[in-house]
Amino acid sequence: MSVNIAIVDDEEIIQWTLKEAMEKEGYNVETFENGKNFLEFFKEHGADIVFLDVRLPDSNGLDLLPEITRIDPETIVVVMTAHGDVETAVTAMKNGAYDYLSKPYSIEEVNLLIKKIIQTNLVKSQLQHYQERLESHFSQILGENYSIKILREHIAMAAKTDHTTVLIRGESGTGKELVARQIHFQSGRANKPFIDVNAAAVSGTLLESELFGHEKGAFTDAQKQKKGLFELANGGTLFLDEIGDLDASLQVKLLRVLQERKFRRVGGTTDIHVDVRIISATNANLEQKMKEGSLRKDLFYRLNVFTINLTPLRERRDDVVLLAKSFLDEYRKEFSKENITGFSEDALKLMQAYDYPGNVRELRNIIERAVLLETSNLIRSASLPDELKKNIESVEFKSDEESSKTKSTEKAVTKNETDEVEKVEEQRVDFKLLGDDKPWHKPGFNFKDYIDSVEKHIVEEVLKETGGKKTKAAELLGLTRFALRHQMKKHGMDVD
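The present account deals with the structure reproduced in this document. Here the structure is a predicted model, which is why all the values come from computation and not from measurement.

**Things to note about helix H13 (residues 320–334)**
- Over its 15 residues, H13 runs 21 Å from end to end, which matches the ideal 21 Å to within 8%, given 1.5 Å per residue.
- Of all the positions in H13, only Val320, Val321, Leu323, Ala324, Phe327, Leu328, Tyr331 and Arg332 are classed as buried. Around the axis of H13, the buried residues are gathered within 155° of arc, so they sit on the same side.
- On its buried face, H13 is in contact with strand E13 (342–343), helix H14 (345–353), helix H15 (359–373) and strand E14 (378–379).
- Positive backbone phi, approximately 55°, marks Ser336, located one or two places after H13.

Laid out in structure tokens, this is it:
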């Protein structure tokens, strides 16, 4: 790691000794005997660490501290003082110095201090990078649907206040935690912790200890004192997911925190005051839970100060393609599949027709799987889950009346395949399609069986017409090669 160090001291022996020791460790070192020369260099080139003597020929080192900070606030300054000059050291620390060295000092002491500085700043840099990634990741909620535009407005409103409790309601997979993080990172608490906990994932007793902490000896396994999530989130945000499943005994303690901003650890006798913003979320019917008595009304009203409702993906299908493309960009980079540039027309058709019971989370998982499976430069329908293909069958069937061509190609079937298709044709039960004869009025009518028979009959008729050539049959039906093979396999026809 390249570290640039400046030594400002008028004693040549100190300059030489420190420079030699530091360069042995691989650091880049510049030395200066007075403040004027150092500042001229520093303005031009900067430095990561400055070892600054207090007594210089042309100035007092402490007077240089504000100027160094003004030029580069990230520079670390270590002040070198005479032995026992504690007052000077304290003043230096108050004025922005990172640490001080009291003369005489050992080279080992200097090296340890430099390593400590590097390690501290490395951690700081990593935390900053992580924070930036989080803020970037949650910087926007994708979607052009009107409901998403309203959602963005509500998030901005909620973020303007640091204390108002927020309740996020929506089906599983709609992005409740994403919204909670968005509120946190847009608020004045952005530089403080964001801690999430799933109330349904931890049992009541354990969750109490997780939320509020415990004192040593509070229960059998409490070998030492433990801070709870409320303490760890102090100054920041605590996100309580699945709040509708919170144990009744914990509802009382949570209500107290919301009302008084204080609590006691398990087994504790002292109140602990905290400044934490509560954001909760649920996919449950909280009104019904109140009627049943499993949710306190007073807690509900405390949590339900500002409510944000999330729209399921099936009600904003116009955002499916936008979200899918975003997830594609993410996973093609992660899996080093930059050659995948988009989706085939058939794949888009499948994705737009699906209802997504798992919402955005399900769509993300579908795209991740598709990127892993895909071998071409487009995500094709073959790489999508069967659930999507089952859902589209009726849609494809309707579109068959409107479309008769597709780009799929396939080799002609053999003579044996043709004979087999004709054999199945001979065994077919004859019927009319939605003509004067209305089969649903007949005893024992089953809609699914009837539709299956219609699909099978059409496939058989087209294959007979094309002499068993599946490429031509797919073109006439407006299906992809995969879709045709799927239909044949579904109805027990030989696809080889």
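**Description of a negative patch on the surface**
- A cluster of like negative charges, contributed by Asp10, Glu12, Glu33 and Asp58, occupies part of the molecular surface.
- By the secondary structure assignment, Glu12 is in helix H1 (residues 12–24).

**Things to note about unusual backbone geometry**
- Between Lys103 and the following residue, Pro104, the backbone shows a cis peptide bond with an omega angle of -5°.
- Take Pro104: it is sitting in the loop between strand E5 (99–102) and helix H5 (107–137).
- Of note in this structure, Glu242 is not a glycine but carries a positive phi near 55°.
- The topology assignment puts Glu242 in the loop between strand E8 (237–241) and helix H10 (248–260).
- The phi dihedral of Asn359 is positive, around 60°, even though this residue is not glycine.
- The class of Asn359 is buried, set by a relative accessible area of 0%.

**A short note on the packing of helix H6 (residues 146–159) against helix H7 (residues 176–186)**
- Packing of H6 against H7 brings their axes to within 8 Å, and their N-to-C directions diverge by 45°. Overall, the two elements H6 and H7 adopt an arrangement that is oblique. Crossing hand, H6 versus H7: right-handed. Across the interface between the two elements, Leu151, Ile155, Ala156, Ala158 and Ala159 of H6 pack against Val179, Gln182, Ile183 and Gln186 of H7.
- Tallied by class, the residues present in the contact of H6 with H7 amount to 7 nonpolar, 2 polar and no charged.

**Notes on the nonpolar core**
- Judged by nonpolar contacts, the single largest core of 30 residues is most densely connected at Leu211, Phe230, Leu238, Leu240, Leu254 and Ile278.
- Those elements that place two or more of their residues in this core are strand E7 (194–198), helix H8 (204–212), helix H9 (229–232), E8, H10, helix H11 (286–292) and helix H12 (297–303).
- The biggest single contributor to this core is H10, with 5 residues.
- Leu323, Ala347, Ile367 and Leu384 belong to the second largest nonpolar core, which has 23 residues in total.

**Examining the environment of Glu74**
- Tracing the backbone shows Glu74 in the loop between helix H3 (61–71) and strand E4 (76–81).
- Taking the relative accessible area as the measure of exposure, Glu74 reaches 52% and is therefore exposed.
- Expressed as a C-alpha distance, the spacing of Glu74 and Ala47, which sit 27 residues apart in the sequence, is 9.3 Å.

**Looking at the pattern of salt bridges**
- Going through the model one piece at a time under the given rule, you end up with 28 salt bridges.
- A salt bridge links Arg189 to Asp275; the shortest N-O distance between them is 2.7 Å. Linking Arg189 in the loop between H7 and E7 with Asp275 in the loop between strand E10 (272–273) and strand E11 (277–282), this pair joins segments that are 86 residues apart in sequence.
- The salt bridge involving Lys289 is made with Asp245; its shortest N-O contact spans 3.9 Å. Pair noted here: Lys289 is in helix H11 and Asp245 is in the loop between E8 and H10, with a separation of 44 residues, a long-range link.
- The class for Lys289 is buried, based on a relative accessible area of 17%.
- Through salt bridges that share partners, Arg256, Glu260, Lys262, Arg264 and Asp271 make up one connected network.

**Quick notes on the sheet that holds E4**
- Taken together, 5 strands build an open sheet; the order of strands is E2-E1-E3-E4-E5 and the sheet is parallel. Strands with a single pairing partner mark the edges of an open sheet, and in this sheet they are strand E2 (28–32) and E5. Taking the axes of each pair of neighbouring strands and ignoring which way they run, one obtains an average angle of 20° across the sheet.
- Most of the contacts of helix H2 (residues 35–45) go to E2, to which it runs at about 145°, and overall it touches strand E1 (4–8), E2 and strand E3 (49–53).
- Running at roughly 155° to E3, H3 makes contact with E3 and E4 of the sheet.

**A closer look at the packing of aromatic side chains**
- Applying the stated criterion to the full structure yields 10 aromatic pairs.
- Relative to Phe38, the ring of Phe32 has its centre 5.7 Å away and its plane inclined at 70°; by these criteria the two rings are edge-to-face.
- Look at Phe32 and you get buried, because its relative accessible area is 10%.
- Considering the side-chain rings of Phe230 and Phe263, the 5.9 Å spacing of their centres and the 45° angle between planes classify their relative orientation as tilted. Remark: Phe263 occurs in strand E9 (residues 262–263) and Phe230 occurs in helix H9; sequence separation between them is 33 residues.

**Some points on the sheet that holds E7**
- Taking strand neighbours across the sheet as the criterion, the 5 strands line up as E7-E8-E11-E6-E12 in an open arrangement whose pairing is parallel. Each edge of the sheet is formed by a strand with only one pairing partner; in this case those strands are E7 and strand E12 (306–309). In this sheet, adjacent strand axes meet at a mean angle of 20° when their direction is disregarded.
- With 4 bridges joining them, strand E6 (residues 166–169) and E12 adopt parallel strand pairing. Directly across from Ile168, in E12, lies its bridge partner Ile308.

**Regarding the side chain of Ser383**
- When you line up the elements, Ser383 lands in the loop between E14 and helix H16 (386–399).
- Not counting residues within four places of it along the chain, the set of residues in contact with Ser383 comprises Arg369, Ala370, Leu373 and Glu374.

**A closer look at H14**
- Regarding H14, the residues found buried are Ala347, Leu350 and Met351. All buried residues of H14 fall inside an arc of 95° around its axis, so they share one side.

**What to know about the pairing of E11**
- Counting buried positions over the 6 residues of E11 gives 6, a clear majority of the element.
- Residues Arg277, Ile279 and Ala281 of E11 are buried on one face, and the alternating residues Ile278, Ser280 and Thr282, pointing to the opposite face, are buried as well.
- The sheet contact formed by E6 and E11 spans 4 bridges and is parallel. In the strand pairing of E11, Ile168 is matched with Ala281.

Rules of the game
Residues numbered from 1 in each chain as written. Predicted model: local features only at pLDDT ≥ 70, side-chain atom pairs only at ≥ 80, totals over all residues. Heavy atoms only, no water. Helix = DSSP H or I, 4+ residues; strand = E, 2+ residues; numbered from the N terminus. Expected span 1.5 Å × (residues − 1). Buried < 20%, exposed > 50% of the residue type's maximum accessible area, 1.4 Å probe, protein only. Arc of directions from axis to C-beta. Contact = heavy atoms within 4.5 Å. Patch = residues over 30% accessible without salt bridge, like charges linked within 9 Å, V, L, I, M, F, W, Y side chains within 5 Å. Areas by Shrake-Rupley, 256 points an atom, 1.4 Å probe, with all protein chains shown as cover. Salt bridge = Lys/Arg side-chain N within 4 Å of Asp/Glu carboxyl O. Lys, Arg positive; Asp, Glu negative; His and termini not counted. Charge placed at Lys NZ, Arg CZ, Asp CG, Glu CD. Axes fitted to C-alpha atoms, helices over the stretch in contact; angles between N-to-C directions. Parallel < 35°, antiparallel > 145°, perpendicular 65-115°, else oblique. Left-handed = near helix turned anticlockwise from the far one by under 90°. Nonpolar A, V, L, I, M, F, W, Y, C, P; charged D, E, K, R; others polar. Core = buried A, V, L, I, M, F, W, Y, C linked by side-chain atoms within 4.5 Å. Pairing = 2+ DSSP bridges. Phe/Tyr/Trp six-rings, centres within 6.5 Å; stacked < 30°, edge-to-face > 60°.

No statement about biological role is implied by the geometric values presented.
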